[in-house]
Amino acid sequence: MSLAAEAFVSQIAAAEPWPENAALYQPLKDDQILLSDHASSLAVQAYLRMCNLPVQVACRANAEYMSPSGKVPFIHIGNQVVSELGPIVQFIKAKGHSLSDGLGEVQKAEMKAYMELVNNMLLTAELYIQWCDENTAKEITRPRFSSPYTWPLNHVLAYQKQWEVRRKMKAIGWAGKTLDQVYEDVSQCCQALSQRLGTQPYFFNKQPTELDALVFGHLFTILTTQLTSDELGEKVKNYSNLLSFCRRIEQNYFEDHDKDSITSSTSRLSKGSSLM
């Protein structure tokens, strides 16, 4: 199919109403999903709930390999498959749902800058801790990532993924960082987010945007995921307004809608979902 034909098909699909059987795919929640993937999945779930769009979470051992981009989560709508928060936001916008249309151009540019900050700092830090800190990789990451598979495939896939992530870290200049330097990067990112949020309920005052969904996904998951050290979560806990922000979104968009969904998705990863 030509690019023009694909664009036409996508345009037609986007014009269709949101279906009741929309599905979001992620790795197995109890034994397999990792911190970074869970954070990304939770961000998309939060965005969909903020848009009041129903979706069923489908857990698959091979979700990463089912994704068109090789990344999770992805949504399956009719004959369309869209992965990662950014493209999903654009796809949903084409269907007439947007959380940021009311922002001015300067505010939209600022929102995108902070989303880049989260992806470049928090997501990268999560990947580094998972795969580059050997203690975490040995005790948590490789066993969880490879849990659905039998020997020797489990070892092959885990070490292949670790090699890919470490190669990426080298390409972006993170390979030479120490764990303490990574924690400091996280702290600086949280400080910037805390200062931007201030005393507002959301980053752009009273209504959430995709930035709020992204920040919530990462911070909530960091706070509720058991790692070999508590240091990562402690960096977030230094900012009381970020804790209140996470609790606010948890209460407004998860507890009142489906109390079990967010707590079950942190099963065997969680220290407990309460942030109070």
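Please read these numbers as outputs of a predicted model, since none were measured by experiment. (Residues numbered from 1 in each chain as written. Predicted model: local features only at pLDDT ≥ 70, side-chain atom pairs only at ≥ 80, totals over all residues. Heavy atoms only, no water.)

So, the overall build of the protein
Across its full length, the protein holds twelve helices and four strands. For the protein, buried positions account for 51% of its 276 residues. Restricting to contacts in the protein with at least 6 residues of sequence separation, those with at least 24 account for 76%. When the accessible surface of the protein is totalled, it reaches about 13,200 Å², and 50% of it is carbon and sulfur. (Helix = DSSP H or I, 4+ residues; strand = E, 2+ residues; numbered from the N terminus. Buried < 20%, exposed > 50% of the residue type's maximum accessible area, 1.4 Å probe, protein only. Contact = heavy atoms within 4.5 Å. Areas by Shrake-Rupley, 256 points an atom, 1.4 Å probe, with all protein chains shown as cover.)

Topic: the environment of isoleucine 172
Structurally, isoleucine 172 is set in the loop between α7 (153-171) and α8 (179-197). Residues isoleucine 172 and asparagine 120, 52 residues apart in the sequence, show an inter-C-alpha distance of 9.8 Å.

Describing the packing of helix α2 (residues 35-50) against helix α5 (residues 105-131)
How two helices sit against one another is set out by the angle between their axes and by the gap between those axes. Between α2 and α5, the shortest axis-to-axis distance is 8 Å and the interhelical angle comes to 150°. Between α2 and α5, the angle falls in the class roughly antiparallel. Packed against α2, whose contacting residues are Leu35, Ser36, Ala39 and Ser40, the element α5 presents Leu123, Glu126, Leu127 and Gln130 at the interface. In the contact of α2 with α5, the residues fall into four nonpolar, three polar and one charged. (Axes fitted to C-alpha atoms, helices over the stretch in contact; angles between N-to-C directions. Parallel < 35°, antiparallel > 145°, perpendicular 65-115°, else oblique. Nonpolar A, V, L, I, M, F, W, Y, C, P; charged D, E, K, R; others polar.)

Quick look at the pairing of strand β2 (residues 56-59)
Alignment of strand β1 (residues 23-26) against β2, held across four bridges, turns out to be parallel. Following the sheet pairing, tyrosine 25 is matched in β2 by alanine 58. Crossover β1 to β2 through α2 is right-handed. (Pairing = 2+ DSSP bridges. Right-handed = clockwise from strand over helix to strand, strands pointing away.)

Concerning the nonpolar core
Formed by 73 residues in total, the largest nonpolar core has its most connected members in Trp18, Leu193, Phe216 and Phe245. By residue number, the principal contributor to this core is α5, which donates twelve residues. (Core = buried A, V, L, I, M, F, W, Y, C linked by side-chain atoms within 4.5 Å.)

Looking at α2
Relative to the 22 Å expected for 16 residues at 1.5 Å per residue, α2 spans 22 Å between its end C-alpha atoms, a close match to the ideal helical length. One or two residues past the end of α2 sits asparagine 52, with phi positive at roughly 60°. (Expected span 1.5 Å × (residues − 1).)

Comments concerning the pattern of salt bridges
Scanning the model with the defined rule gives eleven salt bridges in all. We note a salt bridge from lysine 71 to glutamate 84, for which the minimum N-O separation is 4.0 Å. One end of the pair, lysine 71, is in the loop between α3 (63-66) and β3 (74-77); the other, glutamate 84, is in the loop between β4 (80-83) and α4 (85-94), and 13 residues separate them in sequence. Exposure remark for lysine 71: the relative accessible area of 44% places this residue in the partly exposed category. In this structure, the salt-bridge partner of lysine 235 is glutamate 231, at a minimum N-O distance of 3.3 Å. You can see lysine 235 and its partner glutamate 231 sitting in helix α10 (residues 231-237), four residues apart, about one turn around the helix. The exposure class assigned to lysine 235 is buried, which follows from its relative accessible area of 16%. Because the salt bridges share partners, they merge into one network encompassing Glu134, Arg142 and Arg166. (Salt bridge = Lys/Arg side-chain N within 4 Å of Asp/Glu carboxyl O.)

Regarding the pairing of β4
It is a general feature of regular strands that their side chains alternate between the two faces of the sheet. Where β3 meets β4, four bridges bridge the pair, whose relative direction is antiparallel. Opposite isoleucine 77, over in β4, you have glutamine 80 as the bridge partner. Hairpin connection, β3 to β4: the antiparallel pair is bridged by two residues, and glycine 78 has positive phi, about 60°.

Honestly, it's all geometry; don't read function into it.
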